[in-house]
Amino acid sequence: MAGRKRKPHKLHVVEGTARKCRTNPRAPEAEPEAPVAPDYIGGRAKKYFDVLIDRIRKMGYLSRSHTEILALAALRLAEVDELTTLIEREGPTYFTVRAVVDAKGAPLLGPDGKPMYAKLKKGHPAVSQRSEAMRHAQSLLSELGLSPSAMNRITVPESGNDEDEWRNLL
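These numbers were taken from a predicted model, which means no experiment stands behind them.

Participant: I would appreciate a short explanation of the overall build of the protein chain in the present structure.
Facilitator: On a plain count of helices and strands, the protein chain comes out with 6 helices and 2 strands. Along the protein chain, helices and strands appear, N-terminal first, in the series α-α-α-β-β-α-α-α. Taking all 170 residues of the protein chain together, 25% fall into the buried category. Within the structure as shown, the protein chain displays about 12,900 Å² of accessible surface, and the carbon and sulfur contribution to it stands at 54%.

Participant: Where do I start with the confidence of the model for the protein chain in this structure?
Facilitator: Caution applies to low-pLDDT regions: their predicted coordinates should not be interpreted in detail. Looking at the protein chain, pLDDT values average 84 and 82% of them are 70 or higher. When mean pLDDT is taken per element in the protein chain, helix α3 (residues 67-90) scores highest with 97 and helix α6 (residues 162-169) scores lowest with 49. Confidence drops under pLDDT 50 across residues 165-170; counting only partners more than four residues distant or on other chains, this segment forms 1 contact.

Participant: Just to check I follow, could you spell out the pattern of salt bridges for this structure?
Facilitator: Oppositely charged side chains may form a pair once their charged atoms are brought near each other. Enumeration over the complete set of coordinates arrives at 5 salt bridges. Between E33 and R64 there is a salt bridge, with the nearest N and O atoms lying 3.7 Å from each other. In this pair, E33 sits in the loop between α1 (9-15) and α2 (43-59) while R64 sits in the loop between α2 and α3, placing the two residues 31 residues apart along the sequence. In this structure, the salt-bridge partner of R76 is E79, at a minimum N-O distance of 2.8 Å. In this pair, R76 and E79 are both assigned in helix α3, 3 residues apart and thus about one turn of the helix distant. Judged by its relative accessible area of 18%, R76 falls in the buried class.

Participant: Whenever I open this one, helix α4 (residues 125-143) confuses me. Can you help?
Facilitator: Within an α-helix, residues lying three or four positions from one another point in the same direction, as the helix has 3.6 residues per turn. Taking 1.5 Å of rise per residue, the 19 residues of α4 would be expected to cover 27 Å, and the 28 Å separating its terminal C-alpha atoms lies within 8% of that figure. Taken as a whole, α4 has its buried residues at A126, A133, A137, L140 and L141. Take α4 and look down its axis: the buried residues cluster within an arc of 95°, on one side only. Summarising the geometry of α4, the exposed residues directed more than 90 degrees from the buried face are S128 and Q138. Where α4 is buried, its residues contact α2 and α3. Downstream of α4 by one or two residues, G145 has phi in the positive range, about 80°.

Participant: Is there a simple way to explain the nonpolar core in this structure?
Facilitator: The nonpolar side chains of soluble globular proteins are, as a tendency, buried together. Counting 23 residues, the largest nonpolar core has F49, L52, I56, L70 and L146 as its most contacted members. Listing elements by their share of this core, those giving two or more residues are α1, α2, α3 and α4.

Quick notes on the rules
Residues numbered from 1 in each chain as written. Predicted model: local features only at pLDDT ≥ 70, side-chain atom pairs only at ≥ 80, totals over all residues. Heavy atoms only, no water. Helix = DSSP H or I, 4+ residues; strand = E, 2+ residues; numbered from the N terminus. Buried < 20%, exposed > 50% of the residue type's maximum accessible area, 1.4 Å probe, protein only. Areas by Shrake-Rupley, 256 points an atom, 1.4 Å probe, with all protein chains shown as cover. pLDDT = per-residue confidence, 0-100. Contact = heavy atoms within 4.5 Å. Salt bridge = Lys/Arg side-chain N within 4 Å of Asp/Glu carboxyl O. Expected span 1.5 Å × (residues − 1). Arc of directions from axis to C-beta. Core = buried A, V, L, I, M, F, W, Y, C linked by side-chain atoms within 4.5 Å.

In structure tokens:
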């Protein structure tokens, strides 16, 4: 068993839990530039991409190396939005009609000699699609350090006050 996933070293530095003995000196460095939204992202997903960038920038570990996972998270969050709108418009269930058949598959006839039909209530497919998109989005946000439990582990550097900096030097 592999155990839990390793956090990126930069997260350990930001959290204040970095240890030299647990650091890989040959690990690649993340690119320091801000990510740029890929061409395939537009509309709602582009807005989510920008929101995620802003949140990670404020947490102090934004990198262009996060572009693809940010794009996936933005697309999934936009998908959750779109599916929620669809479910609100059409409802979480729908009705369908099916012929009633006997054990051999022959249609049962009613007293009037016509085939009988049953009205069935089914769950809207968008409900399970949204559930899967939400699960995947939550996983991606956790990878980025944006879930509530991940956020509690991160220590954001305090905005420096000139007076405090001088006091620390003394």
